[in-house]
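# Coordinate inspection notes
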Amino acid sequence: MMRVASGFCVAALFASALVGVEAQDRPQQPAAEWRQKHDFGLKYRTASELYQALRTAARGGKQNPPFSELPDWSGLWTQAGGGSFVAPGPAGIGPTLTPKAAAAVKEGQALAAQGISYDENLSECGPPGFPRWLVIPFLREFIVRPEQTWLSSETVNNVRRIYTDGRGHPSPQDAYPLYYGDSIGFWDGQKLVIHTSQLMARSMGRNQPEQSEQMETVETWEKIDARTIVADAWIYDPAIYQQPWYLQRRYSQVANEDKLLRMNYWHCGENPNNEVYKTPEGNTQYRDFRFTPSDAAPQAPPR
Amino acid sequence: MSRVLQIAVFGAMTVAVPAAITYAHHSGTMFDDKKQVTVEGVVKEFQYTNPHSWLLVDVTNPDGTVTTWGFEAEGPNTLLQAKIRRSDFAPGTKLTISGFPMRDGRPAAAWTKAVRADGVEFYPRGRNPGIQ
């Protein structure tokens, strides 16, 4: 028996939801605090200068601190919203984009409005990379040790290693682009301060502009209560921003009383029903499904 | 007898703002979040996999043939947070299941709700999801 019935839904409000995760998040930071931290970034010409200023303010900071001085970031975490790479912050101020980046944002918004979206990285099981890593969903785990901190996410099984043993970055002559860059840091009390360079030129997300190899960032990570870690990030990339851009992201601890949630390895090819391809229009589409034995030899659309 | 309930829903004004579905591996634009499809059937297989899971449901059509529908959800850790375990949908479980259907008409949907024959309800994307 089949019947069709009219219904009531919230579909009319979905149009603006056809955008990246990043732009959907609601800012949670007070506008005055956002403004203060945003303007703080404007005082420094480069991320390195900002990092050194924070280090000076921390009287050099601590490297290799004993375990007893390190914060407890154990448990599982997930992103809980915050700022965007291109949308205005809580004070209503948006990034000063380069003309190329502004055009890319406009084009991305037009595609999103048409319901067109393809993820050049994640759809093909590539890494989200950094700084997109800051905004991706799903579980995270943070491993804090004196000589390094691991910031991991289950999305394509990634780990950012933050070296706090006093080492510097490789020399510019020896540096090479990396998905997550090269990160060094120091501890300012219970706050981890990170400088990241050696980032790869690539898309910052679905329908988002392209970051360049010139991008460098500074982050501060701090647990502000038992269930919340806050990351402040200043992004310097002359290919996208005419002035450094600041955003704050929050991470909430995930309830896991029964201990069933665990960081697991995952691969996009694990289940053939998850295989997608890019359509000629630039959209995302599933390949032939394998729901029944007769589906076993699909006529796959061209890649 | 199993049956198919195809519920076409169109845009309407409401004050409720849905929680957008998060698609991290790929975009969800292949699903039409302006429509809901609901079918009654029997679980064939619960593919509890990353980065997306698929609940395969055999649905008997009016002419007696059987169509296997696929209902897509996020991976196991997201399902566990929605209180959906693999054992909740063993093969042979009778249920009514809903989702946003594929735009191209294939028998698949972004899973939004399931009600087992014992009356237990499951919401893999919360109670008021939207596509993102």
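In what follows, the accompanying structure is described. (Residues numbered from 1 in each chain as written. Chains lettered and ligands numbered in written order. Predicted model: local features only at pLDDT ≥ 70, side-chain atom pairs only at ≥ 80, totals over all residues. Heavy atoms only, no water.)

### Focus on helix 4 (residues 99–113) of chain A
Residue and element names in this part refer to chain A. The end-to-end C-alpha separation of helix 4 is 21 Å, in line with the 21 Å expected for 15 residues at 1.5 Å each. Taken residue by residue, helix 4 has Ala 101, Val 105, Gly 108 and Ala 112 as its buried positions. Projected down its long axis, helix 4 shows its buried positions confined to an angular sector of 65°, all on one face. Residues of helix 4 that are exposed and point more than 90 degrees away from the buried face comprise Pro 99, Lys 100, Lys 106, Glu 107 and Ala 113. One or two steps after helix 4, the chain reaches Gly 115, where phi turns positive at roughly 75°. (Helix = DSSP H or I, 4+ residues; strand = E, 2+ residues; numbered from the N terminus. Expected span 1.5 Å × (residues − 1). Buried < 20%, exposed > 50% of the residue type's maximum accessible area, 1.4 Å probe, protein only. Arc of directions from axis to C-beta.)

### So, the environment of Gly 82 of chain A
As for its position among the elements, Gly 82 of chain A is in strand 2 (residues 76–82). Its relative accessible area of 6% is what places Gly 82 of chain A among the buried residues.

### What about the pattern of salt bridges?
Going through the model one piece at a time under the given rule, you end up with 18 salt bridges over all chains. Close ionic contact of Arg 106 of chain B with Asp 104 of chain B constitutes a salt bridge, the shortest N to O distance being 2.8 Å. (Salt bridge = Lys/Arg side-chain N within 4 Å of Asp/Glu carboxyl O.)

### Let's talk about the pairing of strand 6 (residues 94–101) of chain B
All names here are of chain B. By the criterion of burial, strand 6 is predominantly enclosed, with six of the eight residues buried. Bridge analysis of strand 3 (residues 36–47) against strand 6 gives six bridges, and the strand direction is antiparallel. Pairing of Val 39 across the sheet is with Ile 97, part of strand 6. In this sheet, strand 7 (residues 108–116) lies alongside strand 6 in antiparallel orientation, the contact comprising seven bridges. (Pairing = 2+ DSSP bridges.)

### What to know about the side chain of Gln 47 of chain B
Within the secondary structure, Gln 47 of chain B is located in strand 3. Exposure remark for Gln 47 of chain B: the relative accessible area of 12% places this residue in the buried category. Polar side-chain contacts of Gln 47 of chain B include one of 2.9 Å to the side chain of Asn 273 of chain A. When neighbours within four sequence positions are excluded, Gln 47 of chain B is seen to be in contact with Asn 271 and Asn 273 of chain A together with Ser 53, Trp 54 and Leu 56 of chain B. (Polar contact = N/O pair within 3.5 Å; in protein donor to acceptor, adjacent residues only side chain to side chain. Contact = heavy atoms within 4.5 Å.)

### As for helix 3 (residues 47–57) of chain A
All names here are of chain A. Buried within helix 3 are the following residues: Ala 47, Leu 50, Tyr 51, Ala 53 and Leu 54. Seen from one end, helix 3 has its buried residues packed into an arc of 160°, which puts them on one side. As for helix 3, its buried residues are in contact with helix 2 (31–42), strand 6 (182–188), strand 7 (191–197), strand 10 (216–225) and strand 11 (228–236). Looking at the residues trailing helix 3, positive phi occurs at Arg 59, about 55°.

### Regarding the state of the cysteines
Residues and elements named next belong to chain A. Throughout the structure, instances matching the rule amount to one disulfide over all chains. Disulfide pairing places Cys 125 opposite Cys 268 at an S-S distance of 2.4 Å. Across the S-S bond of Cys 125 and Cys 268 the torsion is about 90°, and the bridge reads as right-handed. Pair noted here: Cys 125 is in the loop between helix 4 and strand 3 (139–144) and Cys 268 is in the loop between strand 12 (245–253) and strand 13 (276–278), with a separation of 143 residues, a long-range link. We classify Cys 268 as buried; its relative accessible area is 7%. (Disulfide = S-S within 2.5 Å.)

### Quick look at the packing of aromatic side chains
Residue and element names in this part refer to chain A. Evaluation of the coordinates by the stated rule reveals 26 aromatic pairs over all chains. Taking the centre distance of 4.6 Å and the plane angle of 10° together, the rings of Phe 289 and Phe 291 count as stacked. Overall, the relative accessible area of 4% leaves Phe 291 in the buried class. Three or more aromatic residues joined by ring pairs make a cluster, and in this case those are Trp 73, Trp 77, Trp 133, Phe 142, Trp 187, Trp 221 and Tyr 251. Above the face of the Trp 133 ring, Arg 160 is positioned so that its terminal group lies 5.1 Å from the ring centre. Note that Arg 167 overlies the ring of Tyr 163, its terminal NZ or CZ placed 3.7 Å from the centroid. (Phe/Tyr/Trp six-rings, centres within 6.5 Å; stacked < 30°, edge-to-face > 60°. Lys NZ or Arg CZ within 6 Å of the ring centre and 35° of its normal.)

### A few points about the layout of surface pockets
If a probe the size of a water molecule is rolled over the atoms, the empty space left behind becomes visible. Residue and element names in this part refer to chain A. Put simply, the second largest pocket is a space of about 490 Å³. Around the second largest pocket, the lining comprises 27 residues; the ones closest to its centre are Ser 203, Gly 205, Asn 207, Gln 208 and Glu 210. Secondary-structure elements contributing two or more residues to the lining of the second largest pocket are helix 4 and strand 9 (210–211). Considering only residue class, the lining of the second largest pocket consists of eight nonpolar, ten polar and nine charged. (1 Å grid on protein atoms, 1.4 Å probe; cavity = no way out; pocket = protein on both sides within 12 Å on 5 of 7 lines; lining within 4 Å. Points joined across faces, edges and corners; volume = space filled by probe spheres on them. Nonpolar A, V, L, I, M, F, W, Y, C, P; charged D, E, K, R; others polar.)

### Considerations on the pairing of strand 11 of chain A
All names here are of chain A. With nine of its nine residues buried, strand 11 lies for the most part within the structure. Both faces of strand 11 are covered, namely the face carrying Thr 228, Val 230, Asp 232, Trp 234 and Tyr 236 and the face carrying Ile 229, Ala 231, Ala 233 and Ile 235. Looking at chain direction, strand 10 and strand 11 are connected through nine bridges and run antiparallel. Across the sheet, Lys 223 pairs through a bridge with Ile 229, a residue of strand 11. The turn joining strand 10 and strand 11, which pair antiparallel and follow one another in sequence, is formed by two residues. Pairing of strand 11 with strand 12 involves eight bridges; the strand directions are antiparallel. Opposite Ala 231, over in strand 12, you have Arg 249 as the bridge partner.

### Describing the sheet that holds strand 6 of chain A
By definition, the strands of a sheet pair up through backbone hydrogen bonds, in either a parallel or an antiparallel sense. Residue and element names in this part refer to chain A. The strand order around the closed barrel built from nine strands is 2-3-4-5-6-7-10-11-12, with neighbouring strands paired in mixed fashion. Strand after strand, the sheet turns through a mean of 30° between neighbouring axes, direction not considered. Sheet strands touched by helix 2: strand 11 and strand 12. Its angle to strand 12, the strand with the most contacts, is close to 130°. Across the sheet, helix 3 lies against strand 6, strand 7, strand 10 and strand 11, angled at about 40° from strand 10, the strand it touches most. (Axes fitted to C-alpha atoms, helices over the stretch in contact; angles between N-to-C directions.)

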